[in-house]
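The primary structure of each chain is shown beneath.
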2 protein chains.
Amino acid sequence: MQITAYSYAGCLGVRTQKTYRQGQILKLVTRERVTSQDELRRRLRQLDLRVTQATLSRDLRELKLVKTAEGYKPLSAVAEETASLPPLTRAVREFLLDLRPAQNLLVLKTPPGGAQPLAAAIDGERWKEVAGTIAGDDTVLVIAPHRRARAEIQRRLEDLIR
Amino acid sequence: MQITAYSYAGCLGVRTQKTYRQGQILKLVTRERVTSQDELRRRLRQLDLRVTQATLSRDLRELKLVKTAEGYKPLSAVAEETASLPPLTRAVREFLLDLRPAQNLLVLKTPPGGAQPLAAAIDGERWKEVAGTIAGDDTVLVIAPHRRARAEIQRRLEDLIR
DNA sequence: CAGTGATCTGCATATTTATGCGTTCAGGAA
DNA sequence: TTCCTGAACGCATAAATATGCAGATCACTG
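Small disclaimer: the values here were computed from a predicted structure and weren't measured.

Visitor: I'd like to hear about helix H1 (residues 18–31) of chain B, residue by residue, with values.
Guide: It helps to recall that an α-helix has 3.6 residues per turn; residues three or four apart then point in one direction. The end-to-end C-alpha distance of H1(B), which contains 14 residues, comes to 20 Å, matching closely the 20 Å that a straight helix rising 1.5 Å per residue would cover. Of all 14 residues in H1(B), 10 are buried, a share of seventy percent or more. Along H1(B), the residues that are buried comprise Arg21(B), Gln22(B), Gly23(B), Gln24(B), Ile25(B), Leu26(B), Lys27(B), Leu28(B), Val29(B) and Thr30(B). Taken together, the buried residues of H1(B) touch helix H5 (87–95) and helix H6 (115–125) of chain A together with helix H2 (37–46), helix H3 (53–63), strand S1 (65–68) and strand S2 (71–74) of chain B.

Okay, structure coming up:
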């Protein structure tokens, strides 16, 4: 027996359907690909929820759903907290895919386009162990004066990963 | 000495500034709040990168940057893989904040509006241990026939968290 | 090199999203 | 009750974003 009593949304006064509607939006969006607010509006209409696009624009903002190439998606809580971290921490978590030492050098791998911002973030720290950085498209070369310094930089970066 | 040789973007032929530009976009966007493509266009112009809004629209898509109330943000790799996970896994990771047992019941806490989709996802599994679910706004009550079943459901949900 | 296909980009415009303002109504306070 | 106040919402439209198409340049290939 599935009880499945969705929506006792009426408990705050039947007038406002906002809470119930937003729940349905979340449900819809996590299940299927919805690529525009107007499409969402039509899907909701099938559930007897009639609202305008304007209202959906407001709902989506409140629910922190963002438009991606694959439709609206929740901006995970993880991604959010990210915004308040120090620049280097953010950059490392966002872009650093791989890290390999080579004598006094450190080779960092990132997704395409990620090298520039990662290198910028490292430069921003002004660590004295860093002689310089060279950033391509998906690779950053960090140059240290000697192996000992390289090891220290490596340790710090690895610490930031989690 | 900071070498900081950004941008040897010319390496594939000077003509295309795409790679370099996208690197700068990433850098800009992770550092400051950019709320529209036109604003981004103006910031880039200060770096001597002159492109139209149309190009930025394409860049942002390629870089998987999404528009949020606080400006454009990277859709973290984490959030992405999420899209391909089973519905219940997604729902749990996205919405489940807290989980507490009470005899044969399980009380799940979610952010506002998250209860409906989470309950729907649980229902979708059609587990025989689940007698039914009741979803409010930020709370789901999962009803099991007895404590043993509740423990099993709890175990499965906890497994999904990570 | 001439030819071919792929990529990048701008332009113009279609499509989509955001928002100022006005209305309605629920929930108090008096 | 009657009068507030604030939330929810639609309407109209402004603002922002996406895209079809065409021109330009590059990377190859023969």
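Visitor: Could you give an account of the protein's contact with DNA strand C, with specific residues and numbers?
Guide: Around DNA strand C sit 21 residues in total, of which Gln37(A), Ser57(A), Tyr72(A), Arg21(B) and Thr55(B) are the nearest. For DNA strand C, the backbone portion of the atoms within 4 Å of the protein, that is sugar and phosphate, comes to 67%. Lys67(A) is positioned such that a nitrogen or oxygen atom in its side chain is 3.0 Å from a sugar or linking oxygen of DNA strand C. In this structure, a phosphate oxygen belonging to DNA strand C sits 3.0 Å away from a side-chain N or O atom of Lys18(B). Of all the elements in the fold, those that place two or more residues in the surface near DNA strand C are helix H3 (53–63) of chain A together with H1 and H3 of chain B. Among the elements that make up the surface near DNA strand C, the one with the highest residue count is H3(A) (5 residues). Class assignment for the residues of the surface near DNA strand C results in 5 nonpolar, 8 polar and 8 charged.

Visitor: Residues and numbers for the packing of aromatic side chains, please.
Guide: Tallying each qualifying case throughout the model produces 0 aromatic pairs over all chains. When the ring centre of Trp127(A) is taken as origin, the NZ or CZ atom of Arg156(A), which lies over that ring, is 4.9 Å away.

Visitor: A description of the side chain of Asp123(B) should follow, citing residues and the corresponding values.
Guide: Tracing the chain through its elements places Asp123(B) in helix H6 (residues 115–125). Polar side-chain contacts of Asp123(B) include one of 3.1 Å to the side chain of Thr133(B).

Visitor: How would you sum up the sheet that holds strand S4 (residues 105–109) of chain A? Please name residues and give values.
Guide: Residue and element names in this part refer to chain A. Taking strand neighbours across the sheet as the criterion, the 4 strands line up as S3-S4-S6-S5 in an open arrangement whose pairing is antiparallel. The open sheet is flanked by strand S3 (98–102) and strand S5 (132–135), the only strands paired with a single partner. Across the sheet, the mean angle separating the axes of adjacent strands is 20 degrees when strand polarity is ignored. Judged from the 5 bridges that link them, S4 and strand S6 (residues 139–143) form a sheet pairing that is antiparallel. Counterpart to Leu106 in the pairing with S6 is Val142. Along the sheet, helix H7 (residues 147–161) contacts S3, S4 and S6; its crossing angle with S4, the most-contacted strand, is approximately 25 degrees.

Visitor: Any details on the sheet that holds strand S6 (residues 139–143) of chain B? Residues and values, ideally.
Guide: All names here are of chain B. Judged by pairing direction, the sheet is antiparallel, and its 4 strands sit side by side in the order S3-S4-S6-S5 without closing on themselves. In this open sheet, the two edge strands, each paired with only one partner strand, are strand S3 (98–102) and strand S5 (132–135). Each adjacent strand pair in this sheet contributes to an overall mean axis angle of 20 degrees, direction not counted. Sheet analysis places S3 next to strand S4 (residues 105–109), joined by 5 bridges and oriented antiparallel. Bridge pairing in S4 places Ala102 opposite Leu105.

Visitor: Give me the pattern of salt bridges: which residues, what numbers.
Guide: Enumeration over the complete set of coordinates arrives at 25 salt bridges over all chains. For the salt bridge of Arg43(A) with Glu32(A), the shortest nitrogen-to-oxygen distance reads 2.8 Å. Taken as a pair, Arg43(A) in helix H2 (residues 37–46) and Glu32(A) in the loop between helix H1 (18–31) and H2 lie far apart in primary sequence, 11 residues in all. By relative accessible area, Arg43(A) is classed as partly exposed at 23%. Relative accessible area serves as the criterion here: at 32%, Glu32(A) is assigned to the partly exposed category. A salt bridge links Lys128(B) to Glu129(B), with the nearest nitrogen and oxygen atoms 3.1 Å apart. With relative accessibility at 73%, the residue Lys128(B) sits in the exposed group.

Parameters at a glance
- For every chain, the first residue of its written sequence is number 1, and the numbers climb from 1 along that sequence.
- The order in which chains are written sets their letters, starting at A; the order in which ligands are written sets their numbers, starting at 1.
- Predicted model: local features are reported for residues with pLDDT of at least 70 only, side-chain atom pairs are reported and counted for 80 or more only, and whole-chain, interface and lining totals are derived from all residues.
- Values reported for side chains reflect all heavy atoms of the structure, with hydrogen atoms and water molecules removed beforehand.
- By the criteria applied, helices consist of DSSP H or I runs no shorter than four residues and strands consist of E runs no shorter than two, each listed in order from the N terminus.
- The span one expects for a helix is its residue count, reduced by one, times 1.5 Å.
- Working definition: with a 1.4 Å probe on protein chains only, accessible area under 20% of the residue-type maximum means buried, over 50% means exposed, and in between means partly exposed.
- By the convention used here, residues are in contact when the closest approach between their heavy atoms is within 4.5 Å.
- Here, proximity means that at least one heavy atom of the residue falls within 4 Å of the molecule or strand.
- As used in this structure description, the phrase polar contact means that two N or O atoms lie within 3.5 Å; if the pair is within protein, one of them must be able to donate a hydrogen and the other to accept it, and residues adjacent in sequence are counted only when both atoms belong to side chains.
- In the scheme used here, Gly and all other residues not listed as nonpolar or charged are polar, with Ala, Val, Leu, Ile, Met, Phe, Trp, Tyr, Cys and Pro taken as nonpolar and Asp, Glu, Lys and Arg as charged.
- The criterion for an aromatic pair is that two Phe, Tyr or Trp rings (for Trp, the six-membered ring) have centres within 6.5 Å, with stacked assigned to planes under 30 degrees apart, edge-to-face to planes over 60 apart and tilted to the rest.
- A ring is scored as having a charge over it whenever the NZ atom of a lysine or the CZ atom of an arginine sits within 6 Å of its centre and within 35 degrees of its normal.
- The criterion for strand pairing is that DSSP finds at least two bridges linking the strands in question.
- A fitted line through C-alpha atoms represents every axis, and for helices the fit uses only the stretch in contact; the resulting angles, taken between N-to-C directions, go from 0 to 180 degrees.
- For salt bridges, the criterion is a side-chain nitrogen of Lys or Arg within 4 Å of an Asp or Glu carboxyl oxygen.

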